[in-house]
Every structure is written in C-alpha cells, then in structure tokens.
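Breakdown of the fold
Letter by letter, the chains look like this.
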Amino acid sequence: MTLIDRDAAFWNKTARKYAAGRIPDMAGYERSLARTRGLLTPSDVVLEIGCGTGTTALAIAPGIRRIVATDVSEAMIAIAREKAQAMTGIDARFAVASVETSPQVDGGYDAVLAFNMLHLVRDRAATLRAIHQRLKPGGLLITKTPAIAEMNLMIRLAIPLMRAIGKAPFVATFSASDLEAELAVAGFAVLAAERHGSKRWDPRIFILARKAEDVSEQP
Ligand SMILES: C[S@@+](CC[C@H](N)C(=O)[O-])C[C@H]1O[C@@H](n2cnc3c(N)ncnc32)[C@H](O)[C@@H]1O
C-alpha cells in the first residue's frame, strides 16, 4: 500500500461523516467563496484538487465554463457525484486522482483551487510543482490552508496522538509565511494573503498566487 493509498483509506473511512458534518465557520467560508467567485470569469476552466465531497466545486461551477474536481478518496468523489446529479446547467467533472495524476488541459487551467488540503500532502514541493504545471501562464492558484504551526499548542500536541489511534490523517506543520516562501520557490507570485475567519483570528490563510505570464519572469 502506497502512502497515497493510506491517505485515501483514511478519507474513504471518514467521507460520509465529513459530508454530514457542518462547516465550522460558515461566514468565513462564504467570505472565501465570494472572494474566489470574484476572481473567476464565465469562460474559465478550473481544477480543484482535494475537492472532498464537492461542496466548493459545485458552488463555483455555475459561474465558470467547467470545473474538473479531483480527490484521492473514491468515497469523497462518489458523494460529490451524487450531489452533482441534483444540479443542472453546470459542467462539473469529478475524478479520483492525486494532484500529480489530476488531468491536464491544453493550454493549462485558468485557475487551480486547493481548499483545506495543502497541509495534508506529504511532499508539498512536488504538489506545488504539479499545480504550477497544470496552470496556464498567468493562471491563478487560490488556496485556503490551515497553518498548523500557528494553531495553539493543545491542537499541535493532539494531532500526533489522534494520528497514532487512526483518528487523524497525515498533517504537515507549517506557517503561512513558510507556505508563501514555498510558493515563490515553485514559481508563483503571491498576490494576496488574507484571513477570512469571522469570530477570532483565523489560522487558515487564504492565498491568491499567480503563475508567471512569461517563463523569463520565473525565479
Ligand atoms: C479536509 S478535506 C477538504 C475537502 C474540501 N476541499 C473542503 O474544503 O471541504 C481534505 C481532502 O483532501 C483529500 N486529499 C488528501 N490528500 C490528498 C492528496 N495527496 N491529493 C489529493 N487529495 C488529497 C482528502 O481525500 C480529502 O477529501
């Protein structure tokens, strides 16, 4: 069993519970959604990675040309497809895939979305390279990512314990500034770094980053 298979097995097991759960900070999520919609246009073809049960993909789909949404978990994708069946007039395609195996499109995607998932990948540098490869020149990466290094000590101590008993997935610890630095190394210009939480300081950073238009702009 590969590490990706192991990660997929964790998410397969929790998919129905995840789908039934409520979004913890709905106002913060709505803010991120509105910000994302404002960055996209009706002609855009967008890739969402780690799409889970498809909530964001299906919320974004009516305002764009097509969304291709992928996830390593078959159970998550099965739920996303069930939800998509209830919608008409959108082009939403779901596939079981890691970031590195997510489909590419001619000319590249206009945008890649990664919500609540970059802290779950084991090789972030490779993931950021795979995202970069899939974007068109000037394409946008829009991500909302928990910066675990900025969370309180209790949470940081609890994660390995939960993981030891199979109640948490692999989780990487990094700060928002670490992620911004990694994005620069991967060839992105960070255009905005925001916090959308509604109640208190939000450890989830919303980052808008752009792939250079021209390869000569690359670091
Ligand atoms: C916390 S859920 C977030 C789902 C959705 N993006 C959201 O915001 O509700 C994380 C998702 O990432 C997926 N995932 C974990 N590791 C992954 C990887 N290496 N490649 C693609 N998806 C991955 C999991 O299967 C899970 O559905």
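Quantities reported herein were computed from a predicted structural model and do not represent experimental measurements.

Formed by 47 residues in total, the largest nonpolar core has its most connected members in A57, I67, V112 and L141. It is strand β4 (residues 109-115) that contributes the most residues to this core, 6 residues altogether. In contact with A57, other than residues within four places in its own chain, are E48, C51, I67, A69, A80 and A92.

Attention now moves to helix α2 (residues 26-39). Across its 14 residues, α2 extends 20 Å between first and last C-alpha, which sits within 8% of the 20 Å expected from 1.5 Å per residue. The elements touched by buried residues of α2 are α3 (55-60), β4, β5 (135-146) and β7 (204-211).

With that settled, the discussion passes to the pairing of β7. Extensive coverage of β7 is indicated by the burial of 7 of its 8 residues. With 7 bridges joining them, β5 and β7 adopt antiparallel strand pairing. Across the sheet, residue L140 finds its bridge partner in β7, namely R210. Inspection of the sheet shows strand β6 (residues 188-195) paired to β7 by 7 bridges, in the antiparallel sense.

Okay, unusual backbone geometry next. Glycine aside, residues mostly have negative phi angles, and peptide bonds mostly take the trans form. The phi angle at N116 is positive, at roughly 55°, despite the residue not being glycine. Of note, N116 is situated in the loop between β4 and α5 (124-134). A residue is classified by how many C-beta atoms lie within 10 Å of it, and N116, with 15 of them, is partly exposed.

Looking now at the site of the ligand. Around the ligand there are 20 residues in total, and W11, G50, G52, S73 and N116 lie nearest to it. Every element with two or more residues in the shell around the ligand is listed here: α1 (3-20) and α3. A total of 3 residues in the shell around the ligand trace back to one element, the largest contributor, which is α1. In terms of residue class, the shell around the ligand is built from 11 nonpolar, 7 polar and 2 charged.

A few words on the packing of α1 against helix α4 (residues 74-85). Contact geometry for α1 and α4: axes closest at 7 Å, N-to-C directions at 35°. Contacts between α1 and α4 involve W11, N12, A15 and A19 from the former and E74, A75, M76 and I79 from the latter. Looking at the contact of α1 with α4, its residues break down into 6 nonpolar, 1 polar and 1 charged.

Glancing now at the confidence of the model for the protein. Detailed reading of predicted coordinates is not advised where the pLDDT is low. Within the protein, residue pLDDT values average 95, and 98% of them lie at 70 or more. Here helix α6 (residues 153-164) stands out as the element of the protein with the lowest mean pLDDT, 91, in contrast to strand β1 (residues 45-49), whose mean of 99 is the highest.

What follows covers the sheet that holds β6. Here 7 strands make up an open sheet; going across it, the order is β3-β2-β1-β4-β5-β7-β6 and the pairing mixed. Of all strands in the sheet, those bounded by a partner on one side alone are β3 (92-96) and β6. Taking the axes of each pair of neighbouring strands and ignoring which way they run, one obtains an average angle of 15° across the sheet. Of the strand pairs in this sheet, β1 and β4 are connected by 4 bridges, and their pairing is parallel. When the sheet's bridge partners are listed, I49 is paired in β4 with A114. Helix-sheet contacts for α2 involve β4, β5 and β7, and the interaxial angle to β5 is about 180°. Relative to β5, α5 is tilted by about 140°, and along the sheet it contacts β1, β4, β5, β6 and β7.

About the cut-offs
- Counting of residues starts from 1 at the beginning of each chain's written sequence and follows it residue by residue.
- This being a predicted model, a pLDDT of at least 70 is required before a residue's local features are given, and a value of 80 or more before pairs of side-chain atoms are given or counted; all residues contribute to the totals for chains, interfaces and linings.
- Residues of type Ala, Val, Leu, Ile, Met, Phe, Trp, Tyr and Cys that are buried and joined through C-beta atoms within 7 Å form what is called a nonpolar core.
- Around each residue's C-beta, the other C-beta atoms within 10 Å are counted; 20 or more make the residue buried, 12 or fewer make it exposed, and counts in between make it partly exposed. All C-beta atoms are placed from the backbone.
- Numbered from the N terminus, helices here are DSSP runs of H or I no shorter than four residues, and strands are runs of E no shorter than two.
- We call two residues in contact whenever the C-beta atoms placed from their backbones are within 7 Å.
- By this rule the span expected of a helix is its residue count minus one, scaled by 1.5 Å.
- Pairing between strands is defined by DSSP: at least two bridges between them are needed.
- Being near a molecule or strand means, for a residue, that its C-beta atom, positioned from the backbone, comes within 6 Å of it.
- Amino acids outside the nonpolar list (Ala, Val, Leu, Ile, Met, Phe, Trp, Tyr, Cys, Pro) and the charged list (Asp, Glu, Lys, Arg) are all regarded as polar, and Gly is one of them.
- Note on method: axes are straight lines fitted to C-alpha atoms, helices fitted across the in-contact stretch only, with angles between N-to-C directions ranging 0 to 180 degrees.
- For every residue, the predictor states its confidence as a pLDDT score lying anywhere from 0 to 100.

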